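Fold and geometry: a report
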Amino acid sequence: PERRRGGAGGGARLSRTGNGLRGLEAAPTSAVSREEAGNLADLSVAELERRGLAHLREPVARVQRVRQAMQLQHLLASLHANSGFQEGLADPETGAAVDAVIADPRKVVEYQDNEKVVDTLNTLRRMQEFCSRLGIARVRKEDLVAGPNQEELDEARAAQLKEVRAKAEDELASLMGQGEGGGESP
């Protein structure tokens, strides 16, 4: 089995092959990159523990949460830029229909002949499926509505999240380089 060395000057390094993640190998602290930290964040908790990297669970979880927030922000920016969706939300009749279907999904049959309502509901359904895959249980309706200067706000939020992700990956890379404080572990 592969072993991880920690302590002064050495740490865990995740290496890649053409087929994906190969495993851990000894590496100088300075050799652990942000990209390698990002690759490590692709692993599950069980895989981290199997590789003897349980001490990295929280920093990995931080990177994963920021990635999730970035994906949600990208989705929201897409919905803010979707003029048909925004018109649907702004229309009082469509907004009332959306609220009614959210409260009671069986009411969708009442609106099946209203193309604007159906299009808006289909967009919401696709958003809900995407969020479900990300593990996001709920998005507030007011977050879906584009406000003034929304494009600039979305770009600023995306840039802010990119910086947060870089810091989280740098922290993870630093911890990978430090190891668990010396010695060998399986």
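Residues numbered from 1 in each chain as written. Predicted model: local features only at pLDDT ≥ 70, side-chain atom pairs only at ≥ 80, totals over all residues. Heavy atoms only, no water.

Quick look at helix 3 (residues 57-81)
Here is the rule: Strands here are runs of E lasting at least two residues and helices are runs of H or I lasting at least four, both read from the DSSP assignment and numbered beginning at the N terminus. What a helix should span is 1.5 Å times the count of its residues minus one. Summary of the burial criterion: residues with accessible area below 20% of their type's maximum are buried, those above 50% are exposed, and those between are partly exposed, where the area comes from a 1.4 Å probe applied to protein chains only. In this description, contact between two residues means that some pair of their heavy atoms is separated by no more than 4.5 Å.
Over its 25 residues, helix 3 extends 36 Å from the first C-alpha to the last, a length consistent with the 36 Å expected when each residue adds 1.5 Å. The complete set of buried residues in helix 3 reads P59, V60, A61, V63, V66, L72, Q73, L75, L76, L79 and H80. Against the buried residues of helix 3 lie helix 1 (34-40), helix 2 (45-50), helix 4 (83-90), helix 6 (115-134), helix 7 (141-144) and helix 8 (150-178).

Points about the layout of surface pockets
Empty space among the atoms becomes apparent when a probe as large as a water molecule is rolled across them. As a reminder of what qualifies: Using only the protein atoms, space was sampled on a 1 Å grid; points where a 1.4 Å probe fits but cannot get out form cavities, open sets with protein on both sides within 12 Å along at least five of seven lines form pockets, and lining residues are those with an atom within 4 Å of a point. Grid points are joined across faces, edges and corners, and a volume is the space filled by probe spheres set on the points. Classification convention: Asp, Glu, Lys, Arg as charged; Ala, Val, Leu, Ile, Met, Phe, Trp, Tyr, Cys, Pro as nonpolar; all other residues, Gly among them, as polar.
Considered as a void within the structure, the largest pocket measures approximately 580 Å³ in volume. Considering the residues around the largest pocket, the lining is formed by 24 residues, among which I102, L124, R125, M127 and Q128 are closest to the centre. If you list the elements that add at least two residues to the lining of the largest pocket, you get helix 5 (92-103), helix 6 and helix 7. Here the lining of the largest pocket takes 9 residues from helix 6, the largest share from any one element. Looking at side-chain class alone, the lining of the largest pocket contains 16 nonpolar, 4 polar and 4 charged residues.

Description of the packing of helix 3 against helix 8
Relative orientation and spacing of two packed helices are given, respectively, by the angle between their axes and the distance between those axes. Cut-off, in case you're wondering: Axis definition: a line fitted to C-alpha atoms, over the contacting stretch in the case of helices. Angles run 0 to 180 degrees between N-to-C directions. Roughly parallel means an angle under 35 degrees; roughly antiparallel, over 145; roughly perpendicular, 65 to 115; everything else is oblique. In this scheme, a crossing is called left-handed if the near helix is turned counterclockwise away from the far one by less than a right angle; it is called right-handed if the turn is clockwise.
Close contact between helix 3 and helix 8 brings their axes to 9 Å; oriented N to C, the two are set at 165 degrees. Compared by their axis directions, helix 3 and helix 8 come out roughly antiparallel. The handedness of the crossing between helix 3 and helix 8 comes out as left-handed. Classifying every residue of the contact of helix 3 with helix 8 by side-chain character gives 14 nonpolar, 3 polar and 8 charged.

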